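# Structure at a glance
Single-letter residue listing:
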Amino acid sequence: MADNRRHAAVLGLTFLLLLLLPQLATALSKPDLLTLGSQIAIYAIAAASLDLLIGYAGMSSFGHAGFFGLGGYVVGILAFHAADNSLFLGIVPGLTDAWLVWPIAIAVTALAALAIGALSLRTSGVSFIMMTLAFAEMLYFLFVSLKTYGGDDGLGFRRRNALPWIAPRDDVAFYYVCLAVLAIFLIAMRHLVQSRFGMVLQGLRQNERRMAAIGVAPYRVRLAAFTIASAGAGLAGALNANLLRYVSPDSLHWTMSGDLMVMVVLGGAGSLYGAVLGAAAFVGLQSVLAQWTEHWMIAMGPILVCTVLVARRGIWGLLAGRR
Amino acid sequence: MTLLAEQLLNGLQLGVMLFLLAAGLTLVFGIMGLINLAHGSLYMVGAFASAWVQQRTGSFALAVLAGLAAAGGTGIAVEALVLRRLYAREHMDQVLATFGLIMFFNELMAILFGRQPLMASIPGFLSGSVELIPGVPYPVFRLAIILVGVAVAIGLYYLISHTRIGMLVRAGATHRDMVRALGVDIVLLYTFVFGLGAVLAGFAGLLTGPLLSVQVGMGDRILITTFVVIVIGGVGSVRGALVGAMLVGMVDTLTRAFLPGMLRGVMPASSADALGAGLSSMAIFILMAIVLLVRPRGLFPAHG
């Protein structure tokens, strides 16, 4: 009971802080806090979706950035074609409406994840880690080699996707959009992991043989989880492209996958909300350490090693106790 | 034809280099069950130490010694301080902690040597080129790398199949728990295996120095390629690492050399070059995916 109250307190405080961030940024006259806040919300979506795989399903995907970047490129490429009224592959016109573009980004990533997952899930353990990594690297090199869409340099576009009632250049409004998407995504994920499907998924992590014995088809359940999680990353990637009005192959690089895993574990794997704290800690630490020294990674590396070695339940475990 | 011969030699040379890296990585995984992303950092440390000593002293022999000592020393220190605590952990924890180590070592090298690439030069007695096959001049240094790599492979084979310590290493790779149960000083064996892998990685790094530039992050790219090698070969198997390294070296070199040319036949030159470069970077991952789909545990799985 006490634990539940602590959960609610930590959760409530975090969201209150995030909700009041724009006012805080104005009061402290630090406008870049707002961009940091949007970045945190976006990474939190990607990290929470990865947590479904790492923390609940026990599937160590090392290619999550592949889907994150793919979602971003859907936004970028559609905006590119909308700008010069050309067609993608000669058939698809460019689009800039968020209510069309974002679902397309989710659908494209989900389809890619279905194909990649179907192949990768035939392996397990370290081979699964390497298969997911390999496919993400393939996507990375694909976008590096597409000169039409900027290749190495990435692809910039002028306007964010149009949302009803919201001015495209309003950064505060966009921050609240990210926050709202994060909240909806977390609620949906919470329901998912507590549903029958979520229970089966966690059962598979603990003992695959027993689950198979009671009639579960492990492959299909895992493939569904992989697809859902990757679609979440695609959504986050679409938001990220909108925040920066730019996508580059860097967003698909394997170090980005590593960063997302760092957020999950820093926040506490298997807790969903931990992903928010992990993303906040990662982005926050990065910007604080980067002000202190350009060599911020020299501190970030050891912090990460210590988190893995000592604080295994992450920040969420530290604040909210056992789950 | 001459181009093909030259590219085959280049592929062999890349394969040898990858084998030096993969042998240690695959042994560490096979025996300790550790996924070590920081293996590329040891390669980088070896390259930096060697290039720096060569710049200061001008002596190639000293540079080689410095590179091996720095990589080996760093490897043993990291094993004792961090990695030892990770052997029994999940793969996820290992990946994360060693990812942290990559960040640390990349920044450390940037602080010590700056972000500008260091130039390592080819020593005088290995510069120039010879005509092995008439009409195909080939750099002596690259040939030397191939020869040294083959020598190391033979030495490693002897060490692992014909010595007492090699017997323990083999036993550790296939029956880890049994070796522990028989009272072998497993901590010492682990440190030895890790140190050996680190020295080999450093050796690969210092040999690469004069061919490519020595710079921060040089280990990250080759690390992923090395993982492709050991996964294709079957994680934990040195023989698999050798076969995987040659396969990957050849596929990577040959697609890079010939794919853009083939694509030029069907599309404009500039986009053919870009697409060709992208596709040849993907080639080894496609190779790995195919191998894993046919044999999910690689070509030569180590554990029975």
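Above: the structure in question.
Residues numbered from 1 in each chain as written. Chains lettered and ligands numbered in written order. Predicted model: local features only at pLDDT ≥ 70, side-chain atom pairs only at ≥ 80, totals over all residues. Heavy atoms only, no water.

### Some points on the overall build of chain A
What chain A contains, in helices and strands, is 14 helices and 4 strands. Over its C-alpha trace chain A gives a radius of gyration of 19 Å, about what one expects of a compact globule, namely 20 Å for 323 residues. Each of the three principal axes of chain A carries a C-alpha extent, and together these read 55 × 50 × 40 Å. Expressed as a percentage of the 323 residues in chain A, the buried residues total 57%. Pairs at least 24 apart in sequence give 78% of the contacts found in chain A among residues at least 6 apart. Element-wise, carbon and sulfur atoms account for 65% of the exposed surface of chain A, whose accessible area totals about 13,900 Å². Distance between charge centres in chain A, computed from 21 positive and 14 negative side chains, equals 15 Å. (Helix = DSSP H or I, 4+ residues; strand = E, 2+ residues; numbered from the N terminus. Rg over C-alpha atoms; globule rule 2.2 N^0.38 Å. Buried < 20%, exposed > 50% of the residue type's maximum accessible area, 1.4 Å probe, protein only. Contact = heavy atoms within 4.5 Å. Areas by Shrake-Rupley, 256 points an atom, 1.4 Å probe, with all protein chains shown as cover. Lys, Arg positive; Asp, Glu negative; His and termini not counted. Charge placed at Lys NZ, Arg CZ, Asp CG, Glu CD.)

### A word on the interface of chain B and chain A
Counting residues at the interface gives 43 residues for chain B and 39 residues for chain A. Carbon and sulfur atoms supply 82% of the area that chain B and chain A bury against each other, a total of about 3,800 Å² over both sides. Our count for the contact surface shared by chain B and chain A stands at 0 salt bridges. On the surface where chain B and chain A come into contact, there are 4 residue pairs in polar contact (both at pLDDT 80 or more). Those elements that provide at least two residues to the side of chain B that touches chain A are helix H4 (91-113), helix H9 (218-233) and helix H11 (269-294) of chain B. A total of 16 residues in the side of chain B that touches chain A trace back to one element, the largest contributor, which is H4(B). (Buried area = accessible area lost by both parts, 1.4 Å probe. Salt bridge = Lys/Arg side-chain N within 4 Å of Asp/Glu carboxyl O. Polar contact = N/O pair within 3.5 Å; in protein donor to acceptor, adjacent residues only side chain to side chain.)

### Side note on helix H1 (residues 2-32) of chain B
Residue and element names in this part refer to chain B. When the terminal C-alpha atoms of H1 are compared, their 45 Å separation across 31 residues agrees well with the 45 Å that a helix rising 1.5 Å per residue should span. Taking the largest bend as the criterion, H1 deviates by roughly 30°, centred on Ala-22. H1 sits mainly inside the fold: 24 of its 31 residues count as buried. Gly-33 occupies a position one or two residues after H1 and carries a positive phi of about 70°. (Expected span 1.5 Å × (residues − 1). Bend = angle between axes of the 7 residues up to and from the residue.)

### Quick word on helix H4 (residues 64-83) of chain A
Residues and elements named next belong to chain A. Taking 1.5 Å of rise per residue, 20 residues should cover 28 Å, and H4 covers 29 Å from first to last C-alpha, within 8% of that figure. Most of H4 sits inside the fold, with 17 of its 20 residues counted as buried. Asn-85 lies just past H4 and shows a positive phi near 55°.

### Observations regarding the environment of Gly11(B)
Residue and element names in this part refer to chain B. One can find Gly-11 in helix H1. For the pair formed by Gly-11 and Tyr-158, sequence separation is 147 residues and the distance between their alpha carbons is 25 Å. Setting aside residues up to four positions removed in sequence, Gly-11 forms contacts with Gly-249, Met-250 and Thr-253.

### Re unusual backbone geometry
The phi angle of most residues is negative, glycine excepted, and most peptide bonds adopt the trans form. All names here are of chain A. Look at Asn-85: it is not a glycine, yet its phi comes out positive at around 55°. Phi angles above zero are rare outside glycine, and Arg-245 is one such case at about 50°. Positionally, Arg-245 belongs in the loop between helix H10 (218-244) and strand E4 (246-247).

### Considerations on the packing of aromatic side chains
Taken as a whole, this structure holds 16 aromatic pairs over all chains when the rule is applied. Each ring, one from Phe48(B) and one from Phe113(B), has its centre 4.9 Å from the other, and the planes form 15°; the classification is stacked. Remark: Phe113(B) occurs in helix H4 and Phe48(B) occurs in helix H2 (residues 39-57); sequence separation between them is 65 residues. On the basis of relative accessible area, Phe113(B) is assigned to the partly exposed category, the value being 23%. Summarising the aromatic geometry, the rings of Trp52(B) and Phe113(B) are spaced 6.5 Å apart at their centres and angled 65° between planes, so their arrangement reads as edge-to-face. Taken together, the residues span a long stretch of sequence, with Trp52(B) in helix H2 and Phe113(B) in helix H4 at a distance of 61 residues. Over the ring of Phe174(A) we find Arg160(A); its NZ or CZ atom is 4.4 Å from the centre of that ring. (Phe/Tyr/Trp six-rings, centres within 6.5 Å; stacked < 30°, edge-to-face > 60°. Lys NZ or Arg CZ within 6 Å of the ring centre and 35° of its normal.)

### Looking at the pattern of salt bridges
Residue and element names in this part refer to chain A. Applying the stated criterion to the full structure yields 6 salt bridges over all chains. Salt-bridge contacts for Arg-160 lead to Asp-171; the nearest nitrogen and oxygen are separated by 3.0 Å. On the criterion of sequence distance, the pair formed by Arg-160 in the loop between strand E3 (155-156) and helix H7 (171-194) and Asp-171 in helix H7 is long-range, its members being 11 residues apart. The class of Asp-171 is partly exposed, set by a relative accessible area of 41%.

### Here's the deal with the side chain of Ser251(A)
All names here are of chain A. Summarising the element assignment, Ser-251 is placed in the loop between E4 and helix H11 (254-267). Its relative accessible area of 13% is what places Ser-251 among the buried residues. For Ser-251, the side chain forms a polar contact with the main-chain oxygen of Ser-248, separated by 2.7 Å. What Ser-251 contacts, discounting residues up to four positions off in sequence, is Ala-65, Phe-68, Gly-69 and Met-256.

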